[in-house]
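# Summary of structural features
Residue strings, one per chain:
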Amino acid sequence: MLEAKLTDFRNPSFFTAQTDVIHIVDGRKKKEIGFFIPASLKESFSSYLQQEETKKKLVLLRKIALAQKADPIDDGSVGDGIE
């Protein structure tokens, strides 16, 4: 894995010529920005990224379900069916 600074984005040909994952770091703040995945590796990462998105959505849906379950039903209101 290569490491590149955020300022390297000024030269896009550097990224398009790569065939390896690039770790992007903010040079001034010494802070991690993320990763650049070349198109040649897209298929390898697509299923992993889809799984991560699904996990995030499930966590959010669980929070919503717990919040709805904890919300009391008053007189004249209709329940949501979650028990």
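Coordinates for the structure precede this section.
A few points on the structure.

Cut-offs and rules
- Residues numbered from 1 in each chain as written.
- Predicted model: local features only at pLDDT ≥ 70, side-chain atom pairs only at ≥ 80, totals over all residues.
- Heavy atoms only, no water.
- Pairing = 2+ DSSP bridges.
- Helix = DSSP H or I, 4+ residues; strand = E, 2+ residues; numbered from the N terminus.
- Contact = heavy atoms within 4.5 Å.
- Buried < 20%, exposed > 50% of the residue type's maximum accessible area, 1.4 Å probe, protein only.
- Lys, Arg positive; Asp, Glu negative; His and termini not counted.
- Salt bridge = Lys/Arg side-chain N within 4 Å of Asp/Glu carboxyl O.
- Polar contact = N/O pair within 3.5 Å; in protein donor to acceptor, adjacent residues only side chain to side chain.
- Axes fitted to C-alpha atoms, helices over the stretch in contact; angles between N-to-C directions.

### Overview of the pairing of strand 3 (residues 31–36)
- Relative to strand 3, strand 2 (residues 22–26) runs antiparallel, the two sharing five bridges. Bridge assignment links Ile22 to a residue of strand 3, and that residue is Phe36.

### Some details on the environment of Leu2
- With respect to the element layout, Leu2 can be found in strand 1 (residues 2–5).
- C-alpha of Leu2 to C-alpha of Asp20: the two residues are 18 residues apart in sequence and 7.1 Å apart in space.
- Setting aside residues up to four positions removed in sequence, Leu2 forms contacts with Gln18, Asp20, Val21, Ile22 and His23.

### Focus on the side chain of Asp26
- Along the chain, Asp26 falls in strand 2.
- Here Asp26 is buried and forms no salt bridge, its nearest opposite-charge partner Lys29 lying at an N-O distance of 4.7 Å.
- Within the structure, Asp26 has its side chain in polar contact with the backbone nitrogen of Arg28 (distance 3.3 Å).
- Excluding anything up to four places from it in sequence, Asp26 contacts Leu6, Lys31 and Ile33.

### Things to note about the pattern of salt bridges
- Tallied over the full model, the rule gives two salt bridges.
- As a salt-bridge pair, Glu52 and Lys55 come within 3.6 Å of each other at their nearest N and O atoms. Here the residue Glu52 and the residue Lys55 both occupy positions in helix 2 (residues 42–70), the gap between them amounting to three residues, near one helical turn.
- The partly exposed category is assigned to Glu52, whose relative accessible area is 26%.
- For Lys55, a relative accessible area of 49% gives the class partly exposed.

### Things to note about the sheet that holds strand 1
- With respect to topology, three strands assemble into an open sheet ordered 1-2-3, the strand pairing being mixed. Two strands in the sheet have a free side with no partner beyond their single neighbour: strand 1 and strand 3. Here the strands of the sheet are splayed against their neighbours by 30° on average, with no regard to which way each runs.

### With respect to the environment of Ile33
- Mapped onto the fold, Ile33 is located in strand 3.
- What Ile33 contacts, discounting residues up to four positions off in sequence, is Leu6, Ile24, Val25 and Asp26.

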